[in-house]
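# Coordinate inspection notes
What follows is the residue order along each chain.
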Amino acid sequence: VATARDHIYKNNLGVDSAAVELILKPNSWVPNKNTFLDSLGPFGFNIFIALVVDLLHEVELGVWRMLLVHLLRILTALNKDLIHEVDRRCAKYLSYNSLLG
């Protein structure tokens, strides 16, 4: 990242220049400094290990809902009767689960 920043700020290359892309793109890096890494890195602390992906949080934010809506729109575009089939199957499943509860 430091080399890419040198290209950008000292050599006046763009962020999307070939030299910068060659360095950053393979790992999907961005040419930003990380304060946590700069401050705590010398002590062996890695902020990236400390940050855990919370899949449940993503689901709560609506990622699953957005995916479901997108898939239902695809079904509707293909054939509107497919939505009725999904409804029929969901109703059958939900009524079965209510018997278990």
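This is a predicted model, so every value here is computed, not measured.

Across its full length, the protein chain holds 7 helices and 0 strands. Burial statistics for the protein chain: of 101 residues in total, 9% are counted as buried. Summarising the internal contacts of the protein chain: among those between residues at least 6 apart in sequence, 18% fall at separations of at least 24. Approximately 8800 Å² of the protein chain is accessible, and the part contributed by carbon and sulfur atoms is 64%.

A separate point is a nonpolar patch on the surface. A cluster of nonpolar side chains, W64, L67, L68, L71, I74, L78 and L82, forms an exposed patch at the surface whose accessible area comes to about 640 Å². The element contributing the most residues to the nonpolar patch is helix α6 (residues 63–78), with 6 residues. Relative to the helices and strands, L78 is located in helix α6.

In this section: the environment of R73. Structurally, R73 is set in helix α6. Linking R73 and I83, residues 10 residues apart in sequence, is a C-alpha distance of 9.0 Å.

Here the focus is the pattern of salt bridges. Taken as a whole, this structure holds 4 salt bridges when the rule is applied. Two residues, K25 and E21, come together in a salt bridge whose shortest N-O distance is 4.0 Å. What makes K25 exposed here is its relative accessible area of 60%. The partner of R89 in a salt bridge is E85, and the shortest N-O contact between them spans 2.8 Å. One end of the pair is R89 and the other is E85, both in helix α7 (residues 81–100) and 4 residues apart, which spans about a single turn. Since its relative accessible area comes to 55%, R89 is described here as exposed. It is possible to trace a salt-bridge network through shared partners that takes in E85, R88 and R89.

What counts, and at which threshold
Residues numbered from 1 in each chain as written. Predicted model: local features only at pLDDT ≥ 70, side-chain atom pairs only at ≥ 80, totals over all residues. Heavy atoms only, no water. Helix = DSSP H or I, 4+ residues; strand = E, 2+ residues; numbered from the N terminus. Buried < 20%, exposed > 50% of the residue type's maximum accessible area, 1.4 Å probe, protein only. Contact = heavy atoms within 4.5 Å. Areas by Shrake-Rupley, 256 points an atom, 1.4 Å probe, with all protein chains shown as cover. Patch = residues over 30% accessible without salt bridge, like charges linked within 9 Å, V, L, I, M, F, W, Y side chains within 5 Å. Salt bridge = Lys/Arg side-chain N within 4 Å of Asp/Glu carboxyl O.

Geometry only, nothing functional implied.
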